[in-house]
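Here's the letter readout for the chains.
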Amino acid sequence: AQSVTQLGSHVSVSEGALVLLRCNYSSSVPPYLFWYVQYPNQGLQLLLKYTSAATLVKGINGFEAEFKKSETSFHLTKPSAHMSDAAEYFCATGRRALTFGSGTRLQVQP
Amino acid sequence: EAGVTQFPSHSVIEKGQTVTLRCDPISGHDNLYWYRRVMGKEIKFLLHFVKESKQDESGMPNNRFLAERTGGTYSTLKVQPAELEDSGVYFCASSQSGGPLIQYFGAGTRLSVL
């Protein structure tokens, strides 16, 4: 069975600071991994995906994530937070039916 | 190109009533998925259609939930009769056949059962 764990239901950073959202996965097969973002009153939008190609994956809006098999991690980072990054972020795994983490709400302080 | 659209955006019903949620996938997407997020919990998979066929319905909670996708286009999810624990946000997603299997999500339907 596949699963993902997101550490920290709420993360608060200052504008301009590094954003680090943690995701660890469990999978018996090489995983497909995704990060989605949900802005208020909107659907989930794909930020980036890992599908067994390059381990460092670049996504939209300056986000990137690194697949580390030895650590079973797929943490999401952005060098400099912007106010518009405030949203809820979901890590997910799967090839058809996705299994989601519980979500991390990112707050960006001015 | 239109994205995944869901109707209604919000539904408030009383326990025991029936509610039907609708999802229009992106045109040409054979795969259609339903997910649900109960408040405070993670987003959970409900079922997966390939065209008009149910490929995987392992996440459907019980037989009060009925999903259909007649003609392989839009899908409906009916809850009959609704219970309090059915409250949550119901998401629909669609994806193309083959390729990287990226799922595109709608904005969701927020269901409140009182």
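Everything discussed here concerns the structure shown above.
Given the structure is predicted, the values throughout are model-derived calculations rather than measurements. In every chain, residue numbers begin from 1 and rise along the written sequence. Lettering for chains starts from A, numbering for ligands starts from 1, and both go in the order in which the items are written. Local features in this predicted model are restricted to residues whose pLDDT is 70 or higher, and side-chain atom pairs enter the listing and the counts only when it is 80 or higher, whereas totals over whole chains, interfaces and linings include all residues. Only heavy atoms go into the side-chain values, all of them from the structure, while hydrogens and water stay out.

*Asks:* What's the story with the interface of chain A and chain B in this structure? I'm lost.
*Replies:* Frequently, the measure chosen for interface size is the accessible area removed from exposure when the parts meet. What makes two residues a contact is simply this: any of their non-hydrogen atoms within 4.5 Å. Taken together, the contact between chain A and chain B spans 18 residues of the former and 17 residues of the latter. Considering only the side of chain A, the residues that lose the most area to chain B are A:L44, A:R96 and A:F100, jointly responsible for 36% of the buried surface there. By convention in these notes, a salt bridge is any Lys or Arg side-chain nitrogen within 4 Å of a carboxyl oxygen on Asp or Glu. Summed over the shared surface of chain A and chain B, the number is one salt bridge. A salt bridge links A:E88 to B:R37; its shortest N-O distance comes to 3.0 Å. We define a polar contact as two N or O atoms separated by no more than 3.5 Å, with the added condition that, inside protein, one atom must be a possible hydrogen donor and the other a possible acceptor, whereas residues neighbouring each other in sequence contribute only through side-chain atom pairs. Applying the counting criterion to the chain A and chain B interface returns five residue pairs in polar contact (both at pLDDT 80 or more). In this description a helix means any DSSP run of H or I spanning at least four residues, a strand means any run of E spanning at least two, and both kinds are numbered starting from the N terminus. For the side of chain A that touches chain B, the secondary structure elements donating two or more residues are β4 (33-38), β5 (44-50) and β9 (87-93) of chain A. The residue classification treats Ala, Val, Leu, Ile, Met, Phe, Trp, Tyr, Cys and Pro as nonpolar and Asp, Glu, Lys and Arg as charged. All others, Gly included, are polar. Here the residues of the side of chain A that touches chain B sort into nine nonpolar, five polar and four charged. Two parts placed together each lose some accessible area; with a 1.4 Å probe, that loss summed over both constitutes the buried area.

*Asks:* I tried to follow the state of the cysteines on my own but got confused; where do I start?
*Replies:* Simply put, disulfide is the name for a covalent bond between the sulfur atoms of two cysteines. All names here are of chain A. Criterion for a disulfide: a pair of cysteine sulfur atoms within 2.5 Å. With the rule as written, the count across this model stands at two disulfides over all chains. One disulfide bridge connects C23 with C91, the sulfur atoms lying 1.9 Å from each other. On the S-S bond that ties C23 to C91, the torsion sits near -60°, and the link is left-handed. Here the residue C23 occupies a position in strand β3 (residues 19-26), and C91 occupies one in strand β9, the gap between them amounting to 68 residues.

*Asks:* Please explain the sheet that holds strand β7 (residues 64-68) of chain A as it appears in this structure.
*Replies:* Whenever strands of a sheet pair, they do so through backbone hydrogen bonds, lying parallel or antiparallel. Residue and element names in this part refer to chain A. At least two bridges found by DSSP between two strands are what make those strands a pair. Taken in spatial order, the five strands line up as β1-β3-β8-β7-β6 in an open sheet, and their pairing is antiparallel. Looking at which strands have only one partner, the edges of the open sheet turn out to be β1 (3-7) and β6 (56-58). For this sheet, the mean inter-axis angle between neighbouring strands, taken without regard to orientation, is 20°. Sheet analysis places β7 next to strand β8 (residues 73-78), joined by five bridges and oriented antiparallel. Across the sheet, E66 pairs through a bridge with H75, a residue of β8. For helices, the axis comes from a line fit to the C-alpha atoms of the stretch in contact; other axes are also lines fit to C-alpha atoms, and the angle between any two N-to-C directions lies between 0 and 180 degrees.

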